[in-house]
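# Coordinates in review
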Amino acid sequence: HAELEHRPVEAMGGSSADAGGRAGSADSRGDAGARAALLEVEVLHSPGSCPSLNRPADIREFALERGRSRWQGSLRHCGLILAVGLACVLALVLLRPLWHGRSDGVGSSPGRDEFVDLARSDVHSDVHHRSKRSTPAPALGTATPAPATSTTSKPAPATSAPALATSAVPATSAPAPARPAPAPVVSTPEPPLQCSADFQDCRETRSCCDSGASCFQKNGGWAACLHECTPGGHHDDGERFRSPWSCKRLLPKPPALKENFWMMCDGLDKSSCEGAHTLLKWEQDPKQLAQKVGSFSWLPGAHRADYQVLQHWKSAPPKFKGKVVQLDDLARFAKELLESDPFGTGDMVPHVDFEVAGEGKVVAVTQRQLGFIVANALMGNGIPSGNGLQAALQRCSARGTPAPDWEKMRFLAAPFNSASAPPTGFLYSLLSFLAVLSQELHAGEQGTVVLAAKPRAEDQSWRDRLASHKLQPPSLCLQSAGGEYCGPEDFMSGGTDFQALTDIAGGQVGGGGGLCDLANTQEESVVLFYPEVIAFSFFTSGPSKMMLSPVAFLGTRRYMSTITGQSDQGAPYFGHCGFIAGNDWLNDEISTNAIEVSLNGEAVPMATSSFVAVASRWYQAYEATMYNPMIESAFRSVVKRIGTGPWGAGDWLGDSQRSFLAVWLATGLLKDVSLDYYAYSRFCENPANQCLVLDDVACKHCLALAYPFPGTDGKAVQEWACRGPGLGSVVDRFKGTTTAHLLDTCHASIQGPPKTSVFGAVMR
């Protein structure tokens, strides 16, 4: 015993290397166990009781074997303890939602704090949080639904866990229950914002939470809720973002049409709007025609004028809102239109003839339906009685003198002789209409409603308003004549909400130009930038197959650039009113503002712009009660201001001052309609004529801007004509007075040609 007590293990029959070779090395695993075994031998055994251990070598072997056994037993204990611990933790994690998910109002069960503390351990915190976000577990006492997985496993038997102080017999533990797959996290999308806060981007909501603010547009990439907005640069913008603000007000979007809508009236009474239209059969079935669209390599409806336009579109396709619009895009959209039956009338189309005598005629259709009509016309389809749109395509395509072998050249992809090519403006107009709609209308959307309406015959009812209606001061937009900027954009560009564009028309919409191309007159040029107006000529089948003025088009928009009242003989105007750009001619700033209006008692969306063709009867064209009662409310909703200028002072060489007084008087007789009057130094029809509405100093400054004007023989307006007061002084003198007072003053002051000027006469 003394020997065992005092001799180290290394001295007991060999070196540590020898012991290691036999016993797998009594290293850190064996040393502690061997020493414990030696102590156990010392206590439990006497020299005589265990003869096999009398020799030191036997004692060493026994000690090492006991050390290995003790170490293996410890491992088994640790493994068992770890397995039991993990099982407990997993059970607690799975059971914890039962406590949290109770819905019976019962308080916490005993031991809940312990469960919570354990579940919050670092090892299982992620499981805990995932289970908290998943679907709540059923209340205690109910069956737990099986996990939503394709593989099922039997639950472990509910046996009690062995005590931690049991003997070191290896325990065969049951397989741990499979962890249920976490329930999928269903993310509920947040509802879209109904309004935007001050200074926040409001392009989507188009509505401001602050009732005193409005959503003002800076450009296509930003709009914000502001209490007021001044066009141009804003000093409070960051230096990197100090680009000009357009300050165009964005209006909330009205509800979209849920189904096809169209309305046609053949007279003034309500019954004329209920089935009074005629259903006419297309010459070709539109759905069959759709298979012939191809890639728009040619247009049967405009077979002489199409080559030049299509080749240019193919080589330099325009962009719209940053996206290039290819001919293939137009072809796909045209095919979609032809296959869609947007009227719901199959191979028939509803029709009302505007050229036939009758009052109060109305045609109200959606953008998709009007696009459908245009696609049919371009593909050469029509109705048996003929129509103005098809006639315009044929008329315009036949103009010009193409090269003798033009048909052969067209198929050989050879260019036309530009000097003899047919006009192309009408084709750019209609294709641009389809191009924009192809980007705006998706998944069969109908878009907004567009309307054409003819007023009833004129009468003398306006005289009843003379004594009661007072003159309101107009907005004087004189920036193009060297004066101050008034705010609204040029009325011909159609960019001001609720402002009607005045088409200075003769007897027909489009005048002598026949809807074909740009000209040196406003009435023939401006219509090309508003292709919906051209498309409505489909609803004429009379001798001229042209829309007759006066006529109003509500909800129309400008689809091409660029048209204003100013012009020049040089590039890019070349003496025309407006020009079609060679690249990117689509109107990228086209208005998307629309409101909900009532047509025959039905609420429909309509754009906030309009086009009114006026010959010489201003009141008849702009008074809402002169139109069909079914659209009177819509007319009042859309036409709240009138944009005009050189009406009566253009190609017919009228007196600018007298024309202004007539326009102001007639507008004063209307209810809740204001006047925006524009003056130009270089109006395409009659340069410098409008300078004469200014006072003598401003008139001479305007003339300096107007001349030299190439193409004029000398100065059509001399400086000596600049005399007397201007329209600003006239407005100040008569604003707030009755329309009767101004009319009586005009009758008393102007007897024949005035000796000085019209303004001078009425101001005396």
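Residues numbered from 1 in each chain as written. Predicted model: local features only at pLDDT ≥ 70, side-chain atom pairs only at ≥ 80, totals over all residues. Heavy atoms only, no water.

### Quick notes on the packing of helix α9 (residues 327-340) against helix α13 (residues 425-440)
Definition in use: Between N-to-C directions, angles span 0 to 180 degrees; the directions come from axes that are lines fitted to C-alpha atoms, helices contributing only their stretch in contact. Segments assigned H or I by DSSP are reported as helices when at least four residues long, segments assigned E as strands when at least two residues long, and all are numbered from the N terminus. Roughly parallel covers angles under 35 degrees, roughly antiparallel covers those over 145, roughly perpendicular covers 65 to 115, and oblique covers all other angles. The criterion used for residue contact is that any of the two residues' heavy atoms lie within 4.5 Å. In the scheme used here, Gly and all other residues not listed as nonpolar or charged are polar, with Ala, Val, Leu, Ile, Met, Phe, Trp, Tyr, Cys and Pro taken as nonpolar and Asp, Glu, Lys and Arg as charged.
The interhelical angle for the contact between α9 and α13, taken along N-to-C directions, is 80 degrees, at an axis separation of 9 Å. Put simply, α9 runs roughly perpendicular to α13. Together, Asp329, Leu330, Phe333 and Leu337 of α9 and Leu431, Leu434, Ala435, Leu437, Ser438 and Gln439 of α13 make up the contact between the two elements. Looking at side-chain class alone, the contact of α9 with α13 contains seven nonpolar, two polar and one charged residues.

### A closer look at the environment of Leu437
The following threshold applies: We call a residue buried when its accessible area falls under 20% of the maximum for its residue type, exposed when it is over 50%, and partly exposed in between, using a 1.4 Å probe and counting protein chains only.
The topology assignment puts Leu437 in helix α13. Look at Leu437 and you get buried, because its relative accessible area is 0%. Beyond its immediate chain neighbours, meaning those up to four positions away, Leu437 contacts Phe333, Gln367, Arg557 and Tyr559.

### Remarks on the sheet that holds strand β3 (residues 248-249)
Spelled out, the test is: Should DSSP find at least two bridges between two strands, the strands are taken to pair.
One open sheet holds the three strands; their spatial order is β2-β1-β3, and the pairing between them is antiparallel. The open sheet has two edge strands with one neighbour each: β2 (222-226) and β3. Where strand β1 (residues 214-219) meets β2, five bridges bridge the pair, whose relative direction is antiparallel. From the neighbouring strand, Gln217 faces β2, where its bridge partner is Ala223.

### Section: the state of the cysteines
We count it as follows: Cysteine sulfur pairs qualify as disulfides if the two atoms are within 2.5 Å.
One pass over the full model with this rule turns up ten disulfides. Between Cys195 and Cys209 runs a disulfide, and the two sulfur atoms are separated by 2.1 Å. Torsion about the S-S bond of the Cys195 and Cys209 cystine: about 90 degrees, corresponding to right-handed handedness. Of this pair, Cys195 sits in the loop between α6 (125-133) and β1 while Cys209 sits in the loop between α6 and β1, and the two are 14 residues apart along the sequence.

### So, the confidence of the model for the chain
A low pLDDT means the predicted coordinates there should not be read in detail. Counted only if it meets this: Per-residue confidence from the predictor is reported as pLDDT, which spans 0 to 100.
Summary statistics for the chain give a mean pLDDT of 79 and a share of 72% for residues scoring 70 or more. Below a pLDDT of 50 lies the segment residues 97-174, which in the model reaches 51 contacts outside its immediate sequence neighbourhood of four places, other chains included.

### Observations regarding the side chain of Lys454
Stated precisely, the cut-off is as follows: In this tally, Asp and Glu contribute negative charge and Lys and Arg positive charge; neither His nor the terminal groups of the chain are included. Each salt bridge in this description consists of a side-chain nitrogen of Lys or Arg and a carboxyl oxygen of Asp or Glu lying within 4 Å of one another.
Along the polypeptide, Lys454 turns up in the loop between β10 (449-453) and β11 (475-477). We note that Lys454 is buried and unpaired, the nearest opposite charge coming from Asp353 at a distance of 8.4 Å. Residues within four places of Lys454 in sequence aside, it is in contact with Phe354, Val356, Gly358, Gly360, Lys361, Pro550 and Tyr627.

### Considering the pattern of salt bridges
Summed over all chains, the structure comprises 16 salt bridges. Across the pair Arg203 and Asp201 runs a salt bridge, and its minimum N-O distance is 2.8 Å. Residue Arg203 is classed as partly exposed on the basis of its relative accessible area, which comes to 32%. Close ionic contact of Arg636 with Glu632 constitutes a salt bridge, the shortest N to O distance being 3.3 Å. In this pair, Arg636 and Glu632 both sit in helix α17 (residues 632-638), four residues apart, roughly one turn of the helix.

### What to know about the nonpolar core
We apply this condition: Note on terminology: a nonpolar core comprises buried Ala, Val, Leu, Ile, Met, Phe, Trp, Tyr and Cys residues joined through side-chain atoms within 4.5 Å.
Core analysis: the biggest nonpolar cluster contains 168 residues, and Phe296, Leu431, Phe536, Leu599 and Tyr622 have the highest contact counts within it. Per element, the largest residue contribution to this core is ten residues, and it comes from α13. Counting seven residues, the second largest nonpolar core, distinct from the first, contains Ala213, Cys215, Ala223 and Leu250.

### Focus: the packing of helix α10 (residues 367-378) against α13
Here is the rule we go by: Handedness of a crossing is defined here by the sense of rotation of the near helix relative to the far one, left-handed for an anticlockwise turn of less than a right angle and right-handed for a clockwise turn.
The N-to-C vectors of α10 and α13 enclose an angle of 135 degrees; their axes lie 10 Å apart at closest approach. Comparing their axes, α13 and α10 come out oblique. Once α10 is placed against α13, the crossing between them reads as left-handed. Between α10 and α13, the contacting residues are Gln367, Leu370, Gly371, Val374 and Leu378 on the first element and Leu427, Leu430, Leu431, Phe433, Leu434 and Leu437 on the second. Taken together, the residues of the contact of α10 with α13 break down into nine nonpolar, two polar and no charged.

### Things to note about the sheet that holds strand β4 (residues 263-265)
Taken in spatial order, the nine strands line up as β4-β9-β10-β13-β16-β12-β17-β18-β11 in an open sheet, and their pairing is mixed. The sheet terminates laterally at β4 and β11, the two strands that pair on one side only. Sheet twist, expressed as the mean angle between neighbouring strand axes with direction ignored, is 15 degrees. By the bridge criterion, three bridges tie strand β12 (residues 499-504) to strand β17 (residues 641-644) in an arrangement that is parallel. Bridging across to β17, Gln499 finds its partner in Arg641. Sitting on the sheet, α10 is in contact with β9 (362-366) and β10, with an inclination near 95 degrees to β9.

### Some words on α9
Selection rule: A helix's residues, less one, multiplied by 1.5 Å, set its expected span.
Taking 1.5 Å of rise per residue, the 14 residues of α9 would be expected to cover 20 Å, and the 20 Å separating its terminal C-alpha atoms lies within 8% of that figure. Within the sequence span of α9, burial applies to Leu327, Asp329, Leu330, Ala331, Phe333, Ala334, Leu337 and Leu338. As for α9, its buried residues are in contact with α7 (286-289), α8 (306-315), β7 (323-324), α10 and α13.

### Observations regarding the side chain of Glu623
What counts is decided by this rule: Think of a polar contact as two N or O atoms within 3.5 Å of one another; within protein, one of them needs to be a possible hydrogen donor and the other a possible acceptor, and neighboring residues in sequence only count if both atoms come from side chains.
By the secondary structure assignment, Glu623 is in the loop between α16 (618-622) and α17. Engagement of the side chain of Glu623 in a polar contact is seen with the side chain of Thr625, the distance being 2.8 Å. Glu623 has contacts with Arg465, Arg636 and Leu670, leaving out every residue within four places of it along the chain.

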